Amino acid sequence: MFVVLLVVLTGLQVQACVNRVPECVPQCKDCGATGKCLSPNVCLCDKGYSNRQDRSHCEPECGESCVNGSCVAPDECDCLPGHRFVNGSRTECEPICAEDCGNGRCLESGKCQCNTGYQRDDKLKKCVPICQDVCFNGECVAPNECRCSPGHEPRLGQPWICEPICSSGCLNGNCVQPETCVCKLGFAHKDSGLSSSCEPICSPGCVNGTCISPGHCSCAEGHVFAEGSRNECVPTCRSGCENGFCSAPGRCECHEGFEKVSPHRCSPICRPICGRNARCTAPDTCDCDSGFAFVNGSSTECEPFCPRSCRNGICSSPGVCTCLDGYQALLSFYCIPICTRSCLHGSCVAPNECRCFTGYRPSPTQGSSVCEPICSQSCGHGRCIAPEICQCDVGFAKRWARGPCEPHCPQGCVNGHCEGSGLCRCYEGYKLRQGSASICDPECSPGCKNGTCVEPNSCACFPGYEDTKLSFECVPSCFPRCENGRCSAPGRCECDPGHVVTNSSEPNSCRPQCREQCINAECLAPEKCTCLPGYRFLAQSTSECEPICSKGCRSGEECTGPETCEGGASFISPTTGKHLVFHWSMFILAILLCLGLVMTPLLVLRELQRRRRGGDKQRSNLIENPSYGIMQANSEEADELGIGLGD
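Bear in mind that the values here come from a model prediction, so they are computed numbers and not experimental data. (Residues numbered from 1 in each chain as written. Predicted model: local features only at pLDDT ≥ 70, side-chain atom pairs only at ≥ 80, totals over all residues. Heavy atoms only, no water.)

1. Structural notes on the overall build of the protein chain
Filter applied, for reference: Helical segments are the DSSP runs of H or I of at least four residues, strand segments are the runs of E of at least two, and each set is numbered from the N terminus. Burial status follows relative accessibility: with a 1.4 Å probe on protein chains alone, a residue under 20% of its type maximum counts as buried, one over 50% as exposed, and anything between as partly exposed. Whether two residues touch is decided by their heavy atoms; if any such pair falls within 4.5 Å, the residues are in contact. Methods summary: accessible areas were calculated by the Shrake-Rupley approach with a probe of 1.4 Å, and residue burial reflects only the protein chains presented.
The number of helices and strands found in the protein chain is three helices and 64 strands. A total of 647 residues make up the protein chain; the buried ones form 25% of that total. Considering only contacts in the protein chain between residues 6 or more positions apart, those separated by 24 or more positions represent 21%. Roughly 42700 Å² of accessible area belongs to the protein chain as shown, and the carbon and sulfur atoms make up 53% of that amount.

This is the structure in structure tokens:
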């Protein structure tokens, strides 16, 4: 609409100018040969041209943009210098490279950029395809595309590997080069040519058969392998050839001494003829029928046979025994005698005849069919119920399986012996526990103090106590020993009057106490101070000591320590006094160390002796009990019975 309106207005202006005198013509930059200047700097362009960019200039228009070129006429492109049209295109231009840029594109810089899947080969000066897997026996002709060399073909599933082609198929071999076949182990070429297939080798060769694999033969039809052979095949008869041999497939011939009774069966010939219960099994050889055996001295006559000889009977038919009179069958081959009265503790060895078992004898009162047991020793308080076995009367028992019957206490006698019927008598030094009829406890007189009576007049101290010179008395034990006190309970010291424990880490050490503080002195006894070496009590004092200067001090000096004056030139220098104190201290320390080295082994030895004596007393004696052998007084059996020694 705008263009039409513009044309109308322009025409009116032109008409106005024509009517004017003189004529005025508008001026435009360049409307081209086919355009018209409608008004100043406004062109009317012809078909195929446009003034969109500049209204005073008509430029040709191309339907498709010119790549690397310019539009020189309607729908006509011209390439820029150094460029050329791309194959088959009139709108797209590409740079021109001096080198071959096949399979690539030339950049503005004049260098060649290879397409995807190609790479530049500087030696060949061209773009060559890239194959991810190297082409074997072939060449890469396109990205990931191999072309096999002559005489080769791509492997199935692996097209980048080209395998040689052997027209024969190279059966049982490997095709290593075109028309070159290498046979596998155990195979050889049919002929001398390397291109022929391979056949298996059998050594020795197959007889009446074919070699189907190295060292393996297959028999021809109608043949089978000979016995013990895998390469020789012999004829076979499908219906068999009993007592003969197959001379050809399906043809049976009899062995010597046999005659044909059917096309595939030969029977032996026996002379003389086999008798009863016998048959001819080989030429001139008779065998008995099943369940029969040859009669003594005969090779043609047979009689019934029993695998196990008939005991007390005869073999009447194969495997069947018939018992003699007075016997009956126990097993198919064994007959036993019959006794009308059963044998007690014996066996029937003949009709109506019994034999006693070992350890039994015929009863003199009940007859020969009853056997009674024998006991070599008298059962005493019991009766013989089996050979060498007695059954004791009530209140009696055997100390061993085959022994006589003796008094028995079922509950056992502890520290005593059984007199029979459950009555126990205690050993000397023991007495029957109150409320018990089987347990005897040891007696100690006088009674054990801080201990328990473990055997007559022998005490064992309780834990934490130790024995004394008196066998019945035990006193508390404290280790280390109580110092300035007495052991009032196991591991507990009670200090003497005027003494207390001052160090909790030494509960067994009691130190003397002085109400007044000892000055330059030590409290070595209750309420008694003792001056330190080099000191003496002050006048009218029992707790404070003053230093001693034996040679006195000079005028103006004061005795401040043993043999030490201060305040002037001292007779004994302070250095000398310090040396004396040091030497005395070292001397006292050496004495204490020597005492410790001497006393420690003595204390350890004494403690070991005390423990050994306590262990000896705690051992319980073993007491023989006629009813139960050896018994320990403190045994678990006594504990189970509720025994508490010393109750």
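2. What to know about the pairing of strand S50 (residues 458–461)
Regular strands show a simple pattern: their side chains alternate between the two faces of the sheet. Heads up, the condition is: Being paired, for any two strands, means DSSP has found at least two bridges between them.
Burial of S50 is two-sided: the residues Ser458 and Ala460 facing one way and the residues Cys459 and Cys461 facing the other way are all buried. Pairing of strand S49 (residues 451–455) with S50, which is carried by four bridges, proceeds in the antiparallel orientation. Within S50, the position partnered with Thr452 by the bridge is Ala460. Between S49 and S50, which follow one another and run antiparallel, lie two residues, and Asn457 among them has a positive phi close to 55 degrees.

3. Comments concerning the state of the cysteines
As a reminder, the rule being used: Sulfur atoms of two cysteines make up a disulfide when they are within 2.5 Å.
Applying the stated rule across the entire model yields 47 disulfides. Here Cys306 is linked by a disulfide to Cys315, with a sulfur-sulfur distance of 2.2 Å. The chirality of the disulfide connecting Cys306 with Cys315 is right-handed, given an S-S dihedral of about 90 degrees. With relative accessibility at 28%, the residue Cys315 sits in the partly exposed group. In this model, Cys375 is linked to Cys384 through a disulfide, with the two sulfur atoms separated by 2.0 Å.

4. Overview of the packing of aromatic side chains
To describe a pair of aromatic rings, you give the distance between the ring centres and the angle between the ring planes. Counted only if it meets this: Aromatic rings from Phe, Tyr and Trp, taking only the six-membered ring of Trp, are treated as a pair when their centres fall within 6.5 Å; an angle between ring planes under 30 degrees marks them as stacked, one over 60 as edge-to-face, and anything in between as tilted. Lysine and arginine charges are scored as sitting over a ring when NZ or CZ, respectively, is within 6 Å of the ring centre and within 35 degrees of the ring normal.
With the rule as written, the count across this model stands at one aromatic pair. Plain terms: the ring middles of Trp584 and Phe587 are 6.3 Å apart, the flat faces sit at 90 degrees to each other, and that makes the pair edge-to-face. Of this pair, Trp584 and Phe587 both sit in helix H2 (residues 574–618), three residues apart, which is roughly one turn of that helix. Taking relative accessible area as the criterion, Phe587 reaches 47% and is therefore assigned partly exposed. It is Arg90 that lies over the ring of Phe85; its NZ or CZ is 4.1 Å from the centre.

5. A short note on the pattern of salt bridges
Going by this rule: We define a salt bridge as a contact between a side-chain nitrogen of Lys or Arg and a carboxyl oxygen of Asp or Glu at a distance within 4 Å.
Here the structure, examined in full by the defined rule, presents 17 salt bridges. Measuring nitrogen to oxygen at the nearest pair gives 3.7 Å for the salt bridge that ties Glu94 to Arg84. A residue pair is termed long-range when its members are at least 10 positions apart, and Glu94 in strand S8 (residues 93–95) and Arg84 in strand S7 (residues 83–85) qualify at ten residues. Judged by relative accessible area, Glu94 falls into the partly exposed class, the value being 23%. For Arg84, a relative accessible area of 45% translates into the label partly exposed. A salt bridge links Arg536 to Glu546, with the nearest nitrogen and oxygen atoms 3.4 Å apart. Taken together, the residues Arg536 in strand S59 (residues 535–537) and Glu546 in strand S60 (residues 545–547) connect sequence positions ten residues apart. The exposure class of Arg536 is partly exposed, given its relative accessible area of 44%.

6. Points about the side chain of Asn415
Put simply, the rule reads: Polar contact criterion, stated in full: a pair of N or O atoms within 3.5 Å, where within protein one must be able to donate a hydrogen and the other to accept it, and residues adjacent in sequence count only if both atoms are side-chain atoms.
Mapped onto the elements, Asn415 comes out in the loop between strand S44 (405–407) and strand S45 (416–420). In this structure the side chain of Asn415 is engaged in a polar contact, spanning 2.9 Å, whose partner is the backbone oxygen of Cys440.

7. Let's talk about the side chain of Ser477
Among the secondary structure elements, Ser477 is positioned in the loop between strand S52 (474–476) and strand S53 (485–489). By relative accessible area, which is 12% here, Ser477 ends up buried. In contact with Ser477, not counting residues within four places along its chain, are Gly464, Tyr465, Glu466, Cys487, Ala489, Pro490, Gly491 and Arg610.

8. Remarks on unusual backbone geometry
Geometrically, the link from Ser203 to Pro204 is a cis peptide bond, its omega value of 0 degrees lying close to zero. A cis amide bond, omega -5 degrees, links Ser445 with the succeeding residue Pro446. Structurally, the position occupied by Pro446 is in the loop between strand S48 (440–442) and S49. Look at Glu179: it is not a glycine, yet its phi comes out positive at around 60 degrees. Residue position: Glu179 is located in the loop between strand S17 (173–177) and strand S18 (180–183). Residue class for Glu179 comes out partly exposed when judged on its relative accessible area of 35%. Phi is positive for Asn277, which is not a glycine, with a value near 55 degrees.

9. Thoughts on the pairing of strand S27 (residues 258–262)
Sheet topology places S27 next to strand S28 (residues 265–268); four bridges connect them, and they run antiparallel. The partner of Glu259 across the bridge, within S28, is Ser267.

10. Section: the nonpolar core
This is how it is decided: Throughout this description, the term nonpolar core refers to a set of buried Ala, Val, Leu, Ile, Met, Phe, Trp, Tyr and Cys residues connected via side-chain atoms within 4.5 Å.
In this structure, Cys97, Cys101, Cys106, Cys112, Cys114, Tyr118 and Cys127 together form the largest nonpolar core, which totals seven residues. Sequence-distant contacts of Cys101, that is, excluding residues within four places in its chain, are made with Cys106, Cys112, Gln113 and Arg120.

11. A few points about a nonpolar patch on the surface
Which entries qualify depends on this criterion: Within the patch definition used here, like charges are joined within 9 Å and nonpolar side chains (Val, Leu, Ile, Met, Phe, Trp, Tyr) within 5 Å, considering only residues with over 30% relative accessible area and no salt bridge.
A cluster of nonpolar side chains, namely Trp584, Phe587, Ile588, Ile591, Leu592 and Leu595, defines an oily patch on the protein surface of about 620 Å² accessible area. With respect to the helices and strands, Ile588 occurs in helix H2. Take Ile588: its relative accessible area is 41%, and that puts it in the partly exposed class.

12. Some details on the environment of Ile389
With respect to the helices, strands and loops of the structure, Ile389 is situated in strand S42 (residues 389–392). Through-space distance from the C-alpha of Ile389 to that of Cys379 is 8.3 Å; in sequence the pair is ten residues apart. Not counting the four nearest positions on each side in its chain, Ile389 is found in contact with Cys375, Arg383, Cys384 and Lys398.

13. Let's talk about the confidence of the model for the protein chain
What counts is decided by this rule: The quantity called pLDDT is the predictor's confidence in a given residue, expressed from 0 to 100.
For the protein chain, per-residue confidence averages 82 on the pLDDT scale, and residues scoring 70 or more make up 89% of the total. Across residues 1–10, where pLDDT falls below 50, the model places four contacts with residues more than four positions away in sequence or in other chains. Every residue in residues 569–573 is under pLDDT 50, and counting partners more than four places away or in other chains gives ten contacts.

14. Some details on the environment of Val320
Among the secondary structure elements, Val320 is positioned in strand S34 (residues 320–323). Sequence spacing of Val320 and Pro304 is 16 residues, and the spatial spacing of their C-alpha atoms is 8.8 Å. Among residues more than four places away in sequence, those in contact with Val320 are Cys306, Ile314 and Cys315.

15. Structural notes on the environment of Arg230
Its place among the elements puts Arg230 in the loop between strand S23 (223–225) and strand S24 (233–235). Assessed through its relative accessible area of 60%, Arg230 is described here as exposed. Between the C-alpha atom of Arg230 and that of Ser218, which follows or precedes it by twelve residues, the distance is 8.8 Å. Contact partners of Arg230, with chain neighbours within four places excluded, come to Cys217 and Phe225.

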